[in-house]
Each structure stands twice: as structure tokens, then as C-alpha cells.
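Listed here are the chains, written in short residue letters.
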Amino acid sequence: MSTVSTRAPSRPAPEMDRRAPARRRRRQVRERQWPAYVFLSPWMLGALVLTLVPMAVSLYLSFTDYNLFDPPRWVGLRNYTEMLTEDPRYWRSVGTTMLYVVVAVPLKLGLALGVAMLLKNLNRGRAFYRSAFYAPSLLGASMSIALVWKALFNDGGTVSGLLDSVGIDVGGWVGNPHLAVYVVVLLTVWQFGAPMVIFLAGLQQISPDLYEAASLDGAGRRRQFVSITVPMLSPVIFFNLVLEIINSFQVFTPAFVISGGKGAPADSTMFYTLYLYERGFTASHMGYAAAMAWMLLIAIAAITLILFRTSRSWVFYADEEGR
């Protein structure tokens, strides 16, 4: 006699059982990642305590009236409206800084690229000259170098004496409202060593076969520079351009020393950061200074964004050639 099976039909595994392997894999990944978080924790703690928290406090202070001694008093957008509509010295500092950026950055990068091209073709003593040209980048930001530079361009200084000897009587540059800003420009251009080293590294990555092929086609040095060197070096040019623009907007030490900390003469060296320092620490308007700092951050971010957007039309990457 046949028997009927009473065993219930098999049912699909519960949802929890199906998710168990995925949870196990995620747990294994976390177990492998925790040493990385341990090693990153000092940096993350430093970024939080030394960068993010001060930025948040600065943003709050930019909407307050704060004099470093009394508690901050909320004033809303008053600091920003005063800055943009009622403070002519603010706009004078913006103009001086923009003039400095427009003049100093191209001169510095042009000189750095020219010296890098000379060093690339130098067979003997390249390491010595590279170190010698790089040295001003290490020393130029110091207070002592700025003092020496001020003495060179002061009335009766070395530069004034040399120009007088060839019949050019302009007096001291430091006391001349039309020339004082160019003292800071020349000090910045003198520190061309850092971009020069980066340019030199980029030039050494360009294949010599490209220049040989161009020579066989009859291209001269100028044509080779325009058609080969500049396109192949465009990522390095872009990198140096972004860094130098950001650094130039934040120039402070040379301007402070050469102007005596007051933007003299006649506010011709009143750079943005110097005016920010004056409003915050000399006039004790820390809320106003915080608002200036955030306007500077927004301006640098906007200019950097524009550079990145426009770079698509002139920056050439070798790995995109076949795309």
C-alpha cells in the first residue's frame, strides 16, 4: 500500500538568512579599514580642531560686531554692506591686490619657464644652478629678506644709486606711490624657484622625438615652442598658474615690511591681507576682518573655478589624444 508523504514543501530561506553574507562582507571590510582610520585620526582631529572649527567661528564672527574684548554682538549683514558700499579703502586694497596679481604672476611664471628651458639644455652644473635658483623661494617669505629688499629700493639705496649713475633719477621706490607696489612685485618675481623646478620636471617629460620630427619638417625653435612645448607643458602651466594666483592673493609679509605695516605711501601698498590685518588687529574690528576673510575666500574660489572651467579649452593631456 502506497503512503502519502506528509512533509511540508520547502520554503524559501528567510530574508535575514539571505542578507547574512552581505553583512558579513561589510563587517570584514570594516575590520580591514579600521587601521586606516586609526592612522588618519591625528589628521582628522587636526582638521576639525584647527581648520573646520575656526572657519565656523570666523563665519559667525563675520556677522557680528566684535572688538576682541567685549562679547560679539550680532549685526547681520552690516559688515558686508559697509565693506562693499561704504569703505573706499577696501576697494583700494582690492585694486592694489589685483594689480599685483596681474603683473607679478605672469612675470614670475614667464621667468620660471625661461630659466627652466635653459637648465633643460644645460649638461654640466644643472644641479647646482637648480639649487641656486630655488634658494630665493626658501628665503623670500622671511622678514629679514623683506627688510633687505626695502633697504635696496629705499631712497639712497643700491637701486636708486645704480639708476642715478645711468641718468635715471626716480628716487627711492619705497617712498614713491607709483613705484612702491612694484617693489613687492619684484620681490615676488625673484622667488621664481619653486615653479621653475616644476617646469623643469615637466620639460624633461616631453619626448625628444617630437622636437626631432618638428625639425625634420622645418619648424624653428619658436614654432617648436608654440606647437610642442606649450601644449605638452599646459598641465604644468595650469598647475603653477592656479597655485601662484592663490598665493598672490594672500601676500602679506613683503607688503607689511615694505609699507611699514600701514600701506604707505598713500595706501599704494595697501594689499587686501594687510588691510584685513589692520582692521582686525589694529582697529580691533574683528567682525569686519572676518567678513573680509570670507570675501577673499569666495573670490579665490570663484577665480579657481573659472580657471578649471576654461582649462578644458587650452590644457592638453597626453592620455586624451586618442579619445
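Each remark here, short or long, concerns the structure printed above.
Residues numbered from 1 in each chain as written. Predicted model: local features only at pLDDT ≥ 70, side-chain atom pairs only at ≥ 80, totals over all residues. Heavy atoms only, no water.

### Some thoughts on a positive patch on the surface
The grouping of Arg23, Arg24, Arg25, Arg26, Arg27 and Arg30 at the surface amounts to a positive patch. Note that Arg24 resides in helix 1 (residues 15-61). (Patch = residues over 30% accessible without salt bridge, like charges linked within 9 Å, V, L, I, M, F, W, Y side chains within 5 Å. Areas by Shrake-Rupley, 256 points an atom, 1.4 Å probe, with all protein chains shown as cover. Salt bridge = Lys/Arg side-chain N within 4 Å of Asp/Glu carboxyl O. Lys, Arg positive; Asp, Glu negative; His and termini not counted. Charge placed at Lys NZ, Arg CZ, Asp CG, Glu CD. Helix = DSSP H or I, 4+ residues; strand = E, 2+ residues; numbered from the N terminus.)

### Topic: the pattern of salt bridges
Once the charged atoms of two side chains with opposite charge are near each other, the side chains can pair. For the coordinates displayed, the defined rule picks out 7 salt bridges. Among the ionic pairs, Arg73 bridges to Asp65, the shortest N-O distance being 3.0 Å. Its salt-bridge partner being Arg279, residue Asp87 comes within 3.3 Å of it at the nearest N-O pair. On the criterion of sequence distance, the pair formed by Asp87 in the loop between helix 2 (78-85) and helix 3 (88-120) and Arg279 in helix 12 (residues 272-282) is long-range, its members being 192 residues apart.

### Examining helix 5 (residues 143-153)
Those residues of helix 5 lying buried are Ile145, Ala146, Trp149 and Phe153. Seen from one end, helix 5 has its buried residues packed into an arc of 100°, which puts them on one side. In this fold, the buried residues of helix 5 make contact with helix 4 (126-139), helix 6 (158-165), helix 7 (180-190) and helix 11 (253-258). (Buried < 20%, exposed > 50% of the residue type's maximum accessible area, 1.4 Å probe, protein only. Arc of directions from axis to C-beta. Contact = heavy atoms within 4.5 Å.)

### Things to note about the packing of helix 3 against helix 7
Geometrically, a packed helix pair is captured by the angle between its two axes and the distance between the axes. Between helix 3 and helix 7, whose axes approach to 9 Å, the crossing angle comes to 30°. As summarised for this structure, helix 3 and helix 7 are arranged roughly parallel, according to the angle between their axes. Between helix 3 and helix 7 lies a crossing of right-handed hand. Of helix 7, the residues touching helix 3 (which contributes Thr96, Leu99, Tyr100, Val103, Ala104, Leu107, Lys108 and Leu111) are Val181, Tyr182, Val184, Val185, Thr188 and Val189. The class makeup of the residues in the contact of helix 3 with helix 7 is 11 nonpolar, 2 polar and 1 charged. (Axes fitted to C-alpha atoms, helices over the stretch in contact; angles between N-to-C directions. Parallel < 35°, antiparallel > 145°, perpendicular 65-115°, else oblique. Left-handed = near helix turned anticlockwise from the far one by under 90°. Nonpolar A, V, L, I, M, F, W, Y, C, P; charged D, E, K, R; others polar.)

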